[in-house]
Amino acid sequence: MRVLAAMSGGVDSAVAAARAVEAGHDVVGVHLALSRMPGTLRTGSRGCCTIEDSMDAQRAANIIGIPYYVWDFSERFKQDVVDDFVSEYSAGRTPNPCMRCNERIKFAALLEKAIALGFDAVATGHYANIVTDAGGNKQLHRAAAWAKDQSYVLGVLNTEQINHSMFPLGATPSKAEVRAEAAERGFSVASKPDSHDICFIPDGDTRGWLAERVGAEKGTILERDGSVVGTHEGAHAFTVGQRRGLSLGVPSPDGRPRFVLEVRPKDNTVVVGPKEALDIAEIAGIKISWAGLDPVQSGIVTDPSDPFECEVQIRAHADPVPAVARVVMVGESAELVVTPHVPLNGVAPGQTAVIYVGTRVLGQCTIDRTVSAVPVPAAAAH
């Protein structure tokens, strides 16, 4: 096949490109320039899309012996990832920019351009597997090593994208083996630190970064019964589950710490309460996509509204939780409702819930609403 290898400048994508060549494919390397003002150097494991990253990718491509290009996707990245991140936070939601980048840049914009240029697939350094079932349908599965599994951040991929994706590292037992292989191949990135945090906020100060773009306006902090217990400098600075930095003027009756339970941007308020109120008995979302055949086509259910057993994962590094999922029609929209067997903790609207059946990624939704496992006492709700 003609394969376009997305090369970030890291060790994973370099080894993935090399393996694609060894598998007999006709490979071309491409580095995506996602930042309008790329830095010259990275700061340890922070940041990406720097000039250094581009040069690292170039050196790896030269060693592999494949053509290499840099494509400017900065405008698309700003619109589809950065602006979306600001918009979601402004709406009181907690977005995952890595999911949006995979959905809209690496496996949408990039794949679209690759197919237009005659490529058959895009290869990346993600740790995940693509399995073909007995009917010839491709499925997305967890990687061999769950410690490094990245199938969660790929949960947004649809059938067409999976059909044109390749993950050469999926069966690799450990990251250490990939680094050792990179060293044997002579890649300078063999010991390069993994990037983390939000790539377009390299200093890690998300609160300060958002304050510059959203603005900060004082508001009130409420208990679940509506009583005012403090003030804040801007609701966007808070996330569900947060404990530190609340500066509450009224102590809780039992002296126990409070946690952020809800952010309400419309009236610029933050709702706090006890830790147990973070337990969530149900989540639901309307932005549903299936990673391959849907539950009916897969034979999991006979009717779209039938409940089925699954596992749900709400963060990239969270453990999957056994649950029951079902699709419910709300007006003309389909809503994916997930009821975990044990409560989830600290779930925020805007997060992505990825549904698994065994090791297979079945689909995902963006969480729109949650139901607390600890409802407000009737006497206190007024």
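This text follows the structure it describes.
This structure is a prediction, so every number in the text was calculated from the model and none was measured.

Participant: Would you mind going over the sheet that holds strand E4 (residues 121-123) with me for this structure?
Facilitator: Reading across from one edge, E3-E2-E1-E4-E7 is the order of the five strands in this open sheet, with parallel pairing throughout. Each edge of the open sheet is held by one strand with a lone partner, namely strand E3 (68-72) and strand E7 (165-166). As paired strands, E4 and E7 are joined by two bridges and run parallel to one another. Within E7, the position partnered with Ala123 by the bridge is Met166.

Participant: Any chance you could explain the environment of Glu184 here in plain terms?
Facilitator: You can see Glu184 is positioned in helix H6 (residues 175-185). C-alpha separation for the pair Glu184 and Asp194, spaced ten residues apart in sequence, amounts to 19 Å.

Participant: What am I meant to see in the sheet that holds strand E11 (residues 269-273) here?
Facilitator: Pairing between the strands of a sheet comes from backbone hydrogen bonds, and it takes one of two forms, parallel or antiparallel. Strand order across the open sheet formed by four strands is E9-E8-E11-E10, with mixed pairing between neighbours. Whereas interior strands pair on both sides, the edge strands pair on one side only; in this sheet they are strand E9 (228-232) and strand E10 (259-264). Pairwise comparison of adjacent strand axes, ignoring direction, gives a mean angle of 30° for this sheet. Relative to E11, strand E8 (residues 219-223) runs parallel, the two being bridged by four bridges. Its bridge partner being in E11, Glu223 is matched across the sheet by Val272.

Participant: Help me understand H6 in this model?
Facilitator: Owing to its 3.6 residues per turn, the α-helix aligns residues three or four sequence positions apart on the same side. Those residues of H6 that fall on the buried side of the exposure criterion are Lys175, Val178, Glu181 and Ala182. All buried residues of H6 fall inside an arc of 120° around its axis, so they share one side. The exposed set on the far side of H6, more than 90 degrees from its buried face, consists of Ala176 and Glu184. In this fold, the buried residues of H6 make contact with helix H1 (11-22). Immediately downstream of H6, the backbone of Gly186 shows phi near 85°, a positive value.

Participant: Sorry if this is basic, but what is going on with helix H2 (residues 51-64) here?
Facilitator: Taking 1.5 Å per residue, 14 residues should reach 20 Å; H2 reaches 20 Å between its end C-alpha atoms and fits that length. Asp53, Ser54, Asp56, Ala57, Ala60, Ala61 and Ile64 are the residues of H2 that are buried. Along the axis of H2, the buried residues cluster in a sector spanning 160°; they form a single face. Contacts made by the buried residues of H2 are with H1, strand E2 (26-33) and E3. Just past H2, the residue Gly65 takes up positive phi, approximately 90°.

Participant: For this particular structure, what's the right way to read the packing of aromatic side chains?
Facilitator: When we look at a pair of aromatic rings, we describe it by the centre distance and by the angle of the planes. Scanning the model with the defined rule gives two aromatic pairs in all. Plain terms: the ring middles of Phe107 and Phe167 are 6.1 Å apart, the flat faces sit at 65° to each other, and that makes the pair edge-to-face. Separated by 60 residues along the polypeptide, Phe107 in helix H4 (residues 97-116) and Phe167 in the loop between E7 and H6 bring together distant segments of the chain. An identical accessibility class is assigned to Phe107 and Phe167; each is buried. Across the ring face of Tyr356, the terminal group of Arg142 is positioned such that the distance to the ring centre comes to 3.7 Å.

Participant: I would appreciate a short explanation of the nonpolar core in the present structure.
Facilitator: Nonpolar side chains in soluble globular proteins generally cluster together in the buried interior. Counting residues in each nonpolar core, the largest one holds 28 residues, and the members touching the most others are Met7, Val15, Ile64, Ile66 and Phe187. When residues of this core are traced back to their parent elements, those giving at least two are strand E1 (2-6), H1, H2, E4 and H6. When residues of this core are assigned to their parent elements, the largest contribution, seven residues, is made by H1. Ignoring anything within four residues of it in the chain, the contact list for Phe187 reads Ala14, Val15, Ala18, Ala60, Ile63, Ile64 and Ala182. Leu4, Val86, Ile198 and Leu210 belong to the second-largest nonpolar core, a separate cluster that totals 27 residues.

Participant: Just checking my understanding: could you explain the pattern of salt bridges for this structure?
Facilitator: Think of it this way: side chains of opposite charge can pair up when their charged atoms draw near. Scanning the model with the defined rule gives 19 salt bridges in all. For Asp53, the salt bridge is made with Lys192, and the minimal N-O distance between the two is 2.6 Å. Of this pair, Asp53 sits in helix H2 while Lys192 sits in the loop between H6 and helix H7 (206-214), and the two are 139 residues apart along the sequence. The buried category is assigned to Lys192, whose relative accessible area is 10%. Here the residues in one salt-bridge network are Arg19, Glu22, Glu181 and Arg185, joined through shared partners.

Participant: Help me understand the packing of helix H3 (residues 74-90) against H4, please; the structure alone is not making it clear to me.
Facilitator: Packed helices, taken two at a time, are described by the angle between their axes plus the distance between the axes. With their axes 9 Å apart at the nearest point, H3 and H4 run at an angle of 160° to one another. Relative to H4, the element H3 lies roughly antiparallel. Between H3 and H4 lies a crossing of right-handed hand. Of the residues in H4, those in contact with Arg76, Phe77, Asp80, Val81, Asp84 and Phe85 of H3 are Pro97, Arg100, Cys101, Arg104, Ile105 and Ala109.

Participant: Looking at this structure, I do not really get the packing of H1 against H6. What am I missing?
Facilitator: In the contact formed by H1 and H6, the axes pass within 10 Å of each other and the chain directions differ by 70°. Of the possible angle classes, the one that applies to H1 and H6 is roughly perpendicular. Helix-helix and strand crossings are classified by hand; for H1 and H6 the assignment is left-handed. Where H1 approaches H6, its residues Val11, Asp12, Val15, Ala18, Arg19 and Glu22 are matched on the opposing element by Lys175, Val178, Arg179, Glu181, Ala182 and Arg185. Counted by class, the contact of H1 with H6 contains five nonpolar, no polar and seven charged residues.

What counts, and where the lines are drawn
- Residues numbered from 1 in each chain as written.
- Predicted model: local features only at pLDDT ≥ 70, side-chain atom pairs only at ≥ 80, totals over all residues.
- Heavy atoms only, no water.
- Pairing = 2+ DSSP bridges.
- Helix = DSSP H or I, 4+ residues; strand = E, 2+ residues; numbered from the N terminus.
- Axes fitted to C-alpha atoms, helices over the stretch in contact; angles between N-to-C directions.
- Buried < 20%, exposed > 50% of the residue type's maximum accessible area, 1.4 Å probe, protein only.
- Arc of directions from axis to C-beta.
- Contact = heavy atoms within 4.5 Å.
- Expected span 1.5 Å × (residues − 1).
- Phe/Tyr/Trp six-rings, centres within 6.5 Å; stacked < 30°, edge-to-face > 60°.
- Lys NZ or Arg CZ within 6 Å of the ring centre and 35° of its normal.
- Core = buried A, V, L, I, M, F, W, Y, C linked by side-chain atoms within 4.5 Å.
- Salt bridge = Lys/Arg side-chain N within 4 Å of Asp/Glu carboxyl O.
- Parallel < 35°, antiparallel > 145°, perpendicular 65-115°, else oblique.
- Left-handed = near helix turned anticlockwise from the far one by under 90°.
- Nonpolar A, V, L, I, M, F, W, Y, C, P; charged D, E, K, R; others polar.

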